[in-house]
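Fold and geometry: a report
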Amino acid sequence: GELTLWIESAEFKKKTDHPLLHMIFEGNPGTGKTTVARLIGELFYEHGILKKGHLVEVTSSELIAEFVGGTAAKTKKVVQGALDGVLFIDEAYALSEDGRGGYGNEAIDTLIPLLENHRDRLVVIFAGYSSKMKQFLDSNPGLSRRIPRENIFAFPDYSPEELWAILQHQLKQRNLPYQQQLEPLLRDTVHEMYEIREES
């Protein structure tokens, strides 16, 4: 809702330069990051910001080749396929972690000029665990210059009540009825799963 209002605002329309729309989505798996990325593509298409608005989803490892120069070529090819839409890079923090033989940094160095040069044709969303995405953003000054602070969104874990509502919806959608006396057991199970959850 807020994003739509911002796009429709006079402030957005009066920008002579195409605004930087690249984003960071912080949060654990299963919190809806990919779904929101897809909706952003549709929203930007409807408002004429992106010509296609399609979503290209990759993990950081899909940008990396295990030989010199291969990563740059691979990354450019992925970006080419995402032009006029949204490129969603999951587990983006892995690009800045050690142990990739420097190829992760090669992917970041390749992406940075493309974030600028294609700002009118591409929205890149970097996603991953909250605890690791700050380190990712700090790993290269070029990244923080191209991802405004207000474009960083945190996706909290669903609460037990939200999970219960999702479960009820899923059961109804799949036409799986349950007897009323089973509800306390199902609710307890949802609460227990929430309590023992880990980052992944």
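Residue positions within a chain follow its written sequence, with the count starting from 1. Note on the predicted model: pLDDT of at least 70 is required for a residue's local features to be given, and 80 or more for side-chain atom pairs to be given and counted; whole-chain, interface and lining totals, by contrast, use all residues. Note: side-chain values were computed over all heavy atoms of the structure, leaving out hydrogens and water.

A look at the overall build of the chain
We count it as follows: Think of it this way: any DSSP run of H or I at least four residues long counts as a helix, any run of E at least two long counts as a strand, and we number them from the N terminus. Three labels apply to residues, based on accessible area from a 1.4 Å probe with only protein chains included: buried if under 20% of the type maximum, exposed if over 50%, partly exposed otherwise in between. In this analysis, two residues are considered to be in contact whenever any of their non-hydrogen atoms come within 4.5 Å of each other. What sets the accessible areas is the Shrake-Rupley method with a 1.4 Å probe; for residues, cover comes only from the shown protein chains.
Along the backbone of the chain there are nine helices and five strands. Order of helices (α) and strands (β) in the chain, N terminus to C terminus: α-α-β-α-β-α-β-α-β-α-α-β-α-α. Viewed in the frame of its principal axes, the chain has a C-alpha envelope of about 60 × 45 × 25 Å. Burial analysis of the chain (200 residues in total) assigns 42% to the buried set. Here the contacts in the chain between residues at least 6 apart in sequence split such that 76% fall between residues at least 24 apart. Taken as a whole, the chain presents about 11,600 Å² of accessible surface, with 52% of it coming from carbon and sulfur.

Thoughts on helix H5 (residues 103–117)
The line we're drawing: To estimate the expected span of a helix, subtract one from its residue number and multiply by 1.5 Å.
Look at H5: 22 Å from first C-alpha to last across 15 residues, which is about the 21 Å you get at 1.5 Å a residue. Buried within H5 we find Tyr103, Gly104, Glu106, Ala107, Ile108, Thr110, Leu111, Ile112, Leu114 and Leu115.

Here's the deal with the environment of Ala73
Its place among the elements puts Ala73 in helix H4 (residues 70–82). Separated by 10 residues in sequence, Ala73 and Leu63 place their C-alpha atoms 8.8 Å apart.

As for the packing of aromatic side chains
Our working rule: Centre distance within 6.5 Å is the pairing criterion for rings of Phe, Tyr and Trp, where only the six-membered ring of Trp is used; planes under 30 degrees apart are then read as stacked, over 60 as edge-to-face, and the remainder as tilted.
A full pass over the atoms with the stated rule returns five aromatic pairs. Between Phe25 and Phe155, the ring centres sit 4.8 Å apart and the planes meet at 45°, which makes this aromatic pair tilted. Here the residue Phe25 occupies a position in strand E1 (residues 23–27), and Phe155 occupies one in strand E5 (residues 152–155), the gap between them amounting to 130 residues. Looking at Phe155, the relative accessible area reads 13%, which means it is buried.

A look at the sheet that holds strand E2 (residues 55–59)
What links the strands of a sheet is backbone hydrogen bonding, and the strands pair in either a parallel or an antiparallel sense. Under the convention used in this document: DSSP bridges decide pairing: two strands pair if at least two such bridges lie between them. Note on method: axes are straight lines fitted to C-alpha atoms, helices fitted across the in-contact stretch only, with angles between N-to-C directions ranging 0 to 180 degrees.
Strand order in the open sheet made by the five strands is E2-E3-E4-E1-E5, with parallel pairing throughout. What marks the edges here is a single partner per strand, and that holds for E2 and E5. Between one strand axis and the next, the sheet turns through 20° on average, direction left out of account. Summarising the sheet, E1 and E5 pair through four bridges and their orientation is parallel. The partner of Ile24 across the bridge, within E5, is Ile152.

What about H4?
Given 3.6 residues per helical turn, the α-helix brings residues three or four places apart onto the same face. Helix length check: H4, at 13 residues, gives a terminal C-alpha distance of 19 Å against a target of 18 Å (1.5 Å per residue), a fit within 8%. Within the sequence span of H4, burial applies to Gly70, Thr71, Ala72, Thr75, Val78, Val79 and Ala82. In this structure, the buried residues of H4 make contact with E2, strand E3 (85–90), H5 and strand E4 (122–128). Positive phi appears at Asp84, one or two residues downstream of H4, with a value of about 75°.

A few points about the packing of helix H8 (residues 160–173) against helix H9 (residues 183–195)
The condition that has to hold: Roughly parallel covers angles under 35 degrees, roughly antiparallel covers those over 145, roughly perpendicular covers 65 to 115, and oblique covers all other angles. The hand of a helix crossing depends on one turn: near helix anticlockwise from the far one by less than a right angle means left-handed, and clockwise means right-handed.
Axis separation between H8 and H9 bottoms out at 9 Å; the angle between their running directions is 130°. Looking at the two axes, H8 sits oblique to H9. For the element pair H8 and H9, the recorded crossing hand is right-handed. Between H8 and H9, the contacting residues are Pro160, Glu161, Leu163, Trp164 and Leu167 on the first element and Glu183, Leu186, Arg187, Val190, His191 and Tyr194 on the second.

Re the pairing of E3
Two faces belong to every sheet, and in a regular strand the side chains alternate between them. Inclusion rule: The path from the first strand over the helix to the second decides the hand: if it runs clockwise while the strands point away from the viewer, the crossover is right-handed.
Taken across its six residues, E3 has five buried, putting it largely inside the fold. Bridge analysis of E2 against E3 gives five bridges, and the strand direction is parallel. From the neighbouring strand, Leu55 faces E3, where its bridge partner is Val86. With H4 bridging E2 and the parallel E3, this β-α-β connection has right-handed handedness. Pairing of E3 with E4, which is carried by five bridges, proceeds in the parallel orientation. Opposite Leu87, over in E4, you have Val124 as the bridge partner.

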